[in-house]
Amino acid sequence: MTDPVYVVDSLIAEDIDAYLDTHQHKTMLRFITCGSVDDGKSTLIGRLLYDSKMIFEDQLAALEADSKKVGTQGQGIDFALLVDGLAAEREQGITIDVAYRFFNTEKRKFIVADTPGHEQYTRNMVTGASTADLAVILIDARKGVLTQTRRHSFLAHLIGIRNIVLAVNKMDLVDYSQTRFDEIVADYRAFASSIGIEDFVALPISGYMGDNITTLSDNTPWYAAPAYFGRSLVDHLETVEVDTTRDLAKPFRMAVQWVNRPNLDFRGFAGLIASGSVKPGDAIRVLPSGKTSTVERIVTLDGDLDQAVAGQSVTLTFADEIDCSRGDVIALADNPPQVADQFEASVVWMADHALIPGRAYWLKIGTQMVSATVQAPKYTINVNTMEHCAAKTLELNAIGVAEITTDRPITFEPYAENRALGGFILIDKIGNGTVAAGMLHFSLRRAQNVHWQALDVTREARAEIKNQRPGVLWFTGLSGSGKSTIANLVEKKLHALGKHTFLLDGDNVRHGLNKDLGFTEADRIENIRRVGEVSRLMTDAGLIVLTAFISPFRAERDLARSLTPEGEFFEVFIDTPLDVAEGRDVKGLYKKARSGALKNFTGIDSPYEAPENPEIRIDTTKISPQDAAEMIVAKLLGDYWMPEI
Amino acid sequence: MSQGLARSTLTHLERLEAESIHIIREVVAEAENPVMLYSVGKDSAVMLHLARKAFYPAPPPFPLLHVDTTWKFRAMYELRDKMAELSGMDLLVYHNPEAQERGINPFDHGALHTDMWKTEGLKQALDKYGFDAAFGGARRDEEKSRAKERIFSFRTASHGWDPKNQRPELWNLYNAKKAKGESIRVFPISNWTELDVWQYIHLNDIPIVPLYFAEERPTVERDGMLLMVDDDRFPLREGETPVMRSIRFRTLGCYPLTGAVESSAKTLPEVIQETLLTTTSERQGRAIDKDAGGAGMEVKKQQGYF
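What you see is a predicted model; the values in this text were computed from it and never measured.

Engineer: Please clarify how the overall build of chain B should be interpreted in this entry.
Structural biologist: In terms of helices and strands, chain B carries nine helices and 10 strands. Every one of the 306 residues in chain B was classed for burial, and the buried ones make up 53%. Within chain B, residue pairs in contact and separated by at least 24 positions form 76% of the contacts whose partners lie at least 6 positions apart.

Engineer: Would you mind going over the nonpolar core with me for this structure?
Structural biologist: Most often, soluble globular proteins keep nonpolar side chains buried together rather than apart. Counting 234 residues, the largest nonpolar core has Ala135(A), Leu166(A), Val168(A) and Met36(B) as its most contacted members. Residue contacts for Ala135(A): discarding those within four places in its chain leaves Phe31(A), Ile32(A), Cys34(A), Ala129(A), Ala156(A), Ile161(A), Ile164(A) and Val165(A).

Engineer: Even after reading the chapter, I still don't get unusual backbone geometry, so can you show me in this structure?
Structural biologist: Glycine aside, residues mostly have negative phi, and peptide bonds are mostly found in the trans state. The omega torsion of the bond from Leu287(A) to Pro288(A) falls at 5 degrees, within 30 degrees of zero and hence cis. With respect to the element layout, Pro288(A) can be found in the loop between β11 (283-287) and β12 (291-299). Of note, the bond from Tyr56(B) into Pro57(B) is cis; its omega dihedral lies within 30 degrees of zero at 10 degrees. Take Pro57(B): it is sitting in the loop between α2 (42-55) and β2 (64-67). Positive phi is not limited to glycine here, since Asn212(A) has a value of about 60 degrees. Owing to 27 C-beta atoms within 10 Å, Asn212(A) belongs among the buried residues under this scheme.

Engineer: Just checking my understanding: could you explain the interface of chain A and chain B for this structure?
Structural biologist: By a frequent convention, interface size equals the accessible area lost on bringing the separate parts together. In this complex, chain A contributes 65 residues to the contact, which on the side of chain B involves 59 residues. The element best represented in the side of chain A that touches chain B is helix α2 (residues 16-24) of chain A, accounting for five residues. Among the residues making up the side of chain A that touches chain B, the classes are represented as 29 nonpolar, 23 polar and 13 charged.

Engineer: Would you mind going over the packing of α2(B) against helix α7 (residues 194-204) of chain B with me for this structure?
Structural biologist: A pair of packed helices can be characterised by two numbers: the angle between their axes and the separation between those axes. Residue and element names in this part refer to chain B. Where α2 contacts α7, the axes come no closer than 10 Å and their chain directions differ by 55 degrees. Overall, the two elements α2 and α7 adopt an arrangement that is oblique. The element α2 and its partner α7 pack so that their crossing is left-handed. Residues Lys-42, Asp-43, Ala-45, Val-46 and His-49 of α2 form the contact with α7, whose own contacting residues are Val-197, Tyr-200, Ile-201 and Asn-204. Split by residue class, the contact of α2 with α7 holds five nonpolar, two polar and two charged.

Engineer: Got a minute to help me understand the domain arrangement of chain A in this structure?
Structural biologist: Residue and element names in this part refer to chain A. With domains assigned, chain A is organised as domain 1 (4-241), domain 2 (252-332), domain 3 (338-449) and domain 4 (459-641). When each unit is reduced to the centre of its C-alpha atoms, the spacing between domain 2 and domain 3 is 28 Å. Across the boundary between the two partners, domain 2 contributes 11 residues, which contact nine residues of domain 3. For the side of domain 2 that touches domain 3, the elements supplying multiple residues, two or more each, are β7 (253-255) and β9 (266-275).

Definitions and cut-offs
- Residues numbered from 1 in each chain as written.
- Chains lettered and ligands numbered in written order.
- Predicted model: local features only at pLDDT ≥ 70, side-chain atom pairs only at ≥ 80, totals over all residues.
- Helix = DSSP H or I, 4+ residues; strand = E, 2+ residues; numbered from the N terminus.
- Buried ≥ 20, exposed ≤ 12 C-beta atoms within 10 Å, placed from the backbone.
- Contact = placed C-beta atoms within 7 Å.
- Core = buried A, V, L, I, M, F, W, Y, C linked by C-beta atoms within 7 Å.
- Nonpolar A, V, L, I, M, F, W, Y, C, P; charged D, E, K, R; others polar.
- Axes fitted to C-alpha atoms, helices over the stretch in contact; angles between N-to-C directions.
- Parallel < 35°, antiparallel > 145°, perpendicular 65-115°, else oblique.
- Left-handed = near helix turned anticlockwise from the far one by under 90°.
- Domains from an automatic or database assignment.

Here it is in structure tokens:
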């Protein structure tokens with residue numbers, strides 16, 4: 001190989017120390033390649049690996065054999081076979097997931113995220129793009145700008161990639177036509193500016209033939225003219241500015257991952273510096289508490305550092321003993337990030353099960369993990385046409401803009417300013433899957449302006465005057481299981497004991513507070529959310545609240561639980577098998593549901609998620625309602641009130 | 001690594017190091033009972049070093065687990081014990097009792113050897129101690145199916161891997177939530193290449209098994225592989241006599257399954273030089289990937305092999 005980019009072999013052989021020194025000082029660029037199925041994406045990556053000698057002889061032998069067997073390039077080497085990974089995909093001839101590849105040139109190490117071009121895999125491209133500094137958008141020169149091109153560009157822009165490379169591929173198949181290239185670039189420019197891409201570079205290439213990949217090709221002499229970018233792909237990849245360099249110029253921020261306390265004399269705060277730099281003596285502020293101190297040491301295994309910069313993982317110690325734990329953000333004292341609990345955000349939905357507005361999900365941002373709810377989207381974006389559409393939810397691969405509320409304030413920055421403090425994931429509380437990725441735009445003003453009114457009469461004082469501990473007895477079970485009957489009996493008994501109680505019954509609440517709600521999944525969730533909030537207010541008032549609702553979803557019961565202080569929530573599972581409840585059918589509802597006259601009926605065409613660890617479980621096939629009520633009161637007296645009585 | 005100097009851009013090794021440390025700390029913060037799988041090879045050496053950096057001045061707050069086959073090179077056992085002491089971590093060594101009882105060995109049992117000692121042994125050890133997160137030293141550049149592996153890889157309660165049902169990983173936000181019984185395999189050095197690993201060992205003076213360096217060692221040639229006669233359990237076939245050759249190893253596993261290369265590389269730079277100039281990829285030295293055609297590793301992973 002005479003190519004200057006890869007003339008490293010001789011140095012390896014002649015002076016390995018010099019070579020290692022060069023390699024040691026290389027920087028790193030992460031990029032993604034996006035293109036449609038036949039744009040030659042895998043071929044381009046295979047070519048880059050091949051040209052940078054990242055393919056060993058045995059792999060090459062396997063490649064040559066495979067090329068003859070299943071390749072699509074006749075007797076030539078099918079570079080795409082190098083990068084198509086899992087067995088099933090290899091057979092289908094398509095890439096269906098994100099794969100990461102590595103290659104080196106003299107100046108840089110590269111990590112390439114190979115992302116698929118299929119419509120249903122928006123989530124894979126967003127995943128691959130989230131860690132990329134640059135995106136290579138591939139276009140087949142014969143086909144020009146396609147719907148997929150627009151989609152990939154939009155997603156790359158959405159995820160905040162500033163360096164966009166338009167690689168017009170398969171130039172060999174259009175006779176290296178300058179006119180064709182100009183046409184495509186003009187098309188793309190019009191589209192790009194319409195979605196806010198301010199800048200991009202355009203290259204005419206052939207991944208298969210190698211034109212303008214590592215060196216300028218003789219086949220496109222016109223490309224060297226000043227009107228064009230005039231550089232090879234590798235040349236550009238080697239010199240373009242990476243994001244960590246940009247992050248360095250921003251104010252210092254570091255999310256605390258771990259508090260390191262090996263002994264009483266050392267308390268270090270470990271984390272990855274998100275932006276800026278830090279030195280001993282710097283004044284810092286811990287968010288969200290706002291407490292300040294100064295950095296004392298930057299501790300590493302190799303000795304203390306005089307300075308640490310964005311992208312480094314370090315451990316800091318402070319001059320003062322201030323509270324600081326995982327999830328807190330350490331920032332420059334006089335330029336800290338914001339703290340808020342309501343936001344507007346872009347959300348990319350990644351799960352088969354659609355967003356349920358109002359349901360609580362885990363939200364992870366930096367090292368903060370909070371409970372959060374997402375409102376119905378303001379609009380979704382059609383990634384093919386860029387149109388804004390009305391929507392009630394977000395389905396798999398949908399992108400929408402929505403309001404998000406967290407259960408406690410979080411430290412953040414708009415995603416456009418800081419990826420590390422503005423990018424988040426949503427996690428399903430039951431299935432534990434990552435269901436969405438999001439980018440915070442800004443906090444909603446009201447979050448900052450509504451403060452809790454500090455009340456002089458406390459909840460403790462209100463409970464004390466009633467001579468009781470407040471609590472929530474949350475009855476859950478199928479329709480007809482006996483919730484209301486038993487809850488009613490329990491309240492009578494508590495009342496007789498001189499306790500101040502209130503029974504919130506499902507049917508009754510739906511006649512008033514919740515009469516605007518129906519029985520769709522979303523409405524049922526909102527129904528329970530409101531009951532949870534009302535119960536909370538009532539316990540604040542010092543009352544013992546009994547609620548009798550089917551409350552079929554675990555997530556909502558957990559939400560209700562999270563609203564009350566630890567230890568005050570008692571989940572009472574009225575465990576009646578479906579056939580027994582249906583046999584009773586006091587209200588005739590099962591009959592209606594079976595006949596199809598009643599939709600979304602729990603147990604019939606809507607699921608009931610039984611509690612996993614209820615505080616109290618009542619098997620109504622074994623004991624009478626009277627005995628059940630007796631048992632619940634006895635348990636409460638024993639476990640809850642007795643210690644105080 | 002370099003200290004103190006004000007600089008603009010981190011080198012690729014500094015970025016890789018920071019990313020790996022970040023991953024290790026996230027696991028420790030979010031998992032209940034993590035463990036580091038320690039195989040004594042060069043990748044394990046780097047991973048252990050990164051763990052020490054992540055928690056310095058404290059020792060890493062988890063144990064090392066060696067799922068042993070009893071057929072590793074003697075030099076590996078020596079280094080293993082030395083590194084456990086140096087790092088101040090607990091070392092757990094696990095032997096599959098059934099494999100031990102049945103005398104499973106690489107000479108007589110072929111693929112069953114790997115399956116019982118390693119695959120089954122690993123599952124048993126994780127179950128026995130109730131580990132819910134296990135660090136492994138696998139890299140994406142090693143092999144095709146690894147290129148698509150997540151950094152946090154989820155396993156069912158029966159340790160199965162479902163390549164179609166892995167969680168998306170965005171930015172550096174890792175989701176460690178899981179149901180009871182499920183566990184995560186975590187690969188902190190996913191984004192390192194073989195060259196990165198060697199260079200990092202070189203720069204940080206990380207102790208590695210001397211078998212990586214060339215020396216005169218007793219060898220026999222068998223089935224196209226150059227095997228080292230490490231102890232007297234090696235059954236010589238008729239006509240086989242150990243021959244002294246200057247050899248070293250590119251990867252280390254069970255000595256009867258690990259092919260050596262003839263070499264004169266006695267220093268790390270020489271080893272790196274040879275690695276770069278060589279034209280045979282790393283795992284070629286091991287018999288394991290060749291089972292089941294090109295998809296060998298993928299099949300093994302679905303069965304629970306790391």
